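Spelled out from the first residue to the last, the chains are:
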Amino acid sequence: MDLLVKSVVEGNVQQVVESSKTHLSSGVDPLDIIADGLVAGMNIVGPRFKSGEMYVPEVIMSAKAMSEGMKILKTFLKDDDLPSEGKIVIGTVKGDLHDIGKNLVAILLESSGYKIINLGVDVSPEEFSEAVHEHQPDVIGLSALLTTTMMEMKNTVDYLSEKGLRNNVKIITGGAPVSAAFSREIGADGYASDAGSAIELVQSLLKND
Ligand code: B12
């Protein structure tokens, strides 16, 4: 399985696909290939990105390699075979079109076992609210990259509170202009400065549930 782990870390799509097929044909359980190969690889990528040893394009290649491997392995799984750590709705707030960082957070959370509902960019408080009704997530992730759209985070938090939707869901925030202090001020449950820390944050918020 070492080769598969290494290939995910290196973002070598072809090698990940070949290695996944080799393990399948030698009879290894697809769930083990996912956990000990693909996820194990992304578990190395997350901390390396956080510590600055890996950069955005490399993380994207690793994630692509992982998802190509998943495509093959998933066909051998039943729908409820994959364990889920929790459900996360994530989106960039209204008026803001930046999504590179938010998508990285989504990718790393997904590779850590969370089910992700990515609402995209320019997401209004009403759309977040609808997503809570529809998907019943454990966590909502709000992203903003503009100082002018940071206040949309507050509007979203306030809107969800008004609608009585805060009881079973934690709200986390992130994005370059956002800080832990701002996040606390607007009443969110947590803040993370990067995708690696976002995983730790979600794990700790859901553990305390
Ligand atoms: C790429 C980019 C764009 C692209 C976006 C493409 C895309 N699909 O995302 C385009 C060209 C569209 C764009 C447009 C604009 N941009 Co722009 N853009 C950038 C740029 C260069 C990089 C942002 C980025 O992707 N960083 C890389 C990612 C990996 O980092 P990140 O986003 O910070 O994400 C990490 C963390 O913040 C965190 N995180 C992010 N989201 C979340 C969410 C959660 C829940 C959590 C926990 C963590 C988390 O984890 C991520 C991964 O580690 C920045 C400058 C910069 N260096 O930041 C300017 C910047 C953000 N843009 C800026 C501006 C002004 C604009 C425009 C207004 C320009 C214009 N006049 O048209 C428009 C606004 C459009 C709009 N309505 O949103 C300013 C913002 C200034 C400010 N303080 O408000 C910046 C800072 C540039 C500058 N120095 O002036 N932009």
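What counts and how
Residues numbered from 1 in each chain as written. Predicted model: local features only at pLDDT ≥ 70, side-chain atom pairs only at ≥ 80, totals over all residues. Domains from an automatic or database assignment. Contact = placed C-beta atoms within 7 Å. Helix = DSSP H or I, 4+ residues; strand = E, 2+ residues; numbered from the N terminus. Nonpolar A, V, L, I, M, F, W, Y, C, P; charged D, E, K, R; others polar. Buried ≥ 20, exposed ≤ 12 C-beta atoms within 10 Å, placed from the backbone. Pairing = 2+ DSSP bridges. Axes fitted to C-alpha atoms, helices over the stretch in contact; angles between N-to-C directions. Core = buried A, V, L, I, M, F, W, Y, C linked by C-beta atoms within 7 Å.

Colleague: Is there a simple way to think about the domain arrangement of the chain in this case?
Modeller: When the domains of the chain are assigned, the result is domain 1 (2-74) and domain 2 (86-207). For domain 1 versus domain 2, the distance between C-alpha centres works out to 26 Å. With 10 residues of domain 1 at the contact, the number on the domain 2 side is 10 residues. Those elements that place two or more of their residues in the side of domain 1 that touches domain 2 are α3 (30-50) and α4 (56-74). Broken down by element, the side of domain 1 that touches domain 2 gets its largest block of residues, six residues, from α3. Taken together, the residues that form the side of domain 1 that touches domain 2 break down as eight nonpolar, one polar and one charged.

Colleague: Where do I start with unusual backbone geometry in this structure?
Modeller: For residues besides glycine, phi is generally negative; the peptide bonds are generally trans as well. With a phi angle near 55°, Asp-122 is a residue other than glycine that sits in the positive phi range. Mapped onto the elements of the fold, Asp-122 is located in the loop between β2 (114-118) and α6 (125-135). For Gln-136, which is not a glycine, the phi torsion comes out positive at approximately 50°. Its location among the elements puts Gln-136 in the loop between α6 and β3 (139-143). In this structure Gln-136 comes out as exposed when scored by C-beta crowding, with 11 C-beta atoms within 10 Å.

Colleague: It is not clear to me how the sheet that holds β2 should be interpreted in this structure. Could you clarify?
Modeller: Across the sheet, five strands lie side by side as β2-β1-β3-β4-β5; this open sheet has parallel pairing. The open sheet has two edge strands with one neighbour each: β2 and β5 (190-191). Pairing analysis gives two bridges linking strand β4 (residues 170-174) to β5, with the strands arranged parallel. Looking across to β5, one finds that Ile-172 is bridged to Gly-190. Packed onto the sheet, helix α9 (residues 195-207) meets β1 (86-92), β2, β3, β4 and β5 and runs at close to 165° relative to β4.

Colleague: In this structure, what is going on with the nonpolar core? I would like to understand it.
Modeller: With 49 residues, the main nonpolar core has Val-8, Leu-108, Leu-109, Ile-172, Ala-198 and Val-202 as its most contacted residues. What Val-202 contacts, discounting residues up to four positions off in sequence, is Ile-88, Leu-109, Tyr-114, Val-139 and Ile-172.

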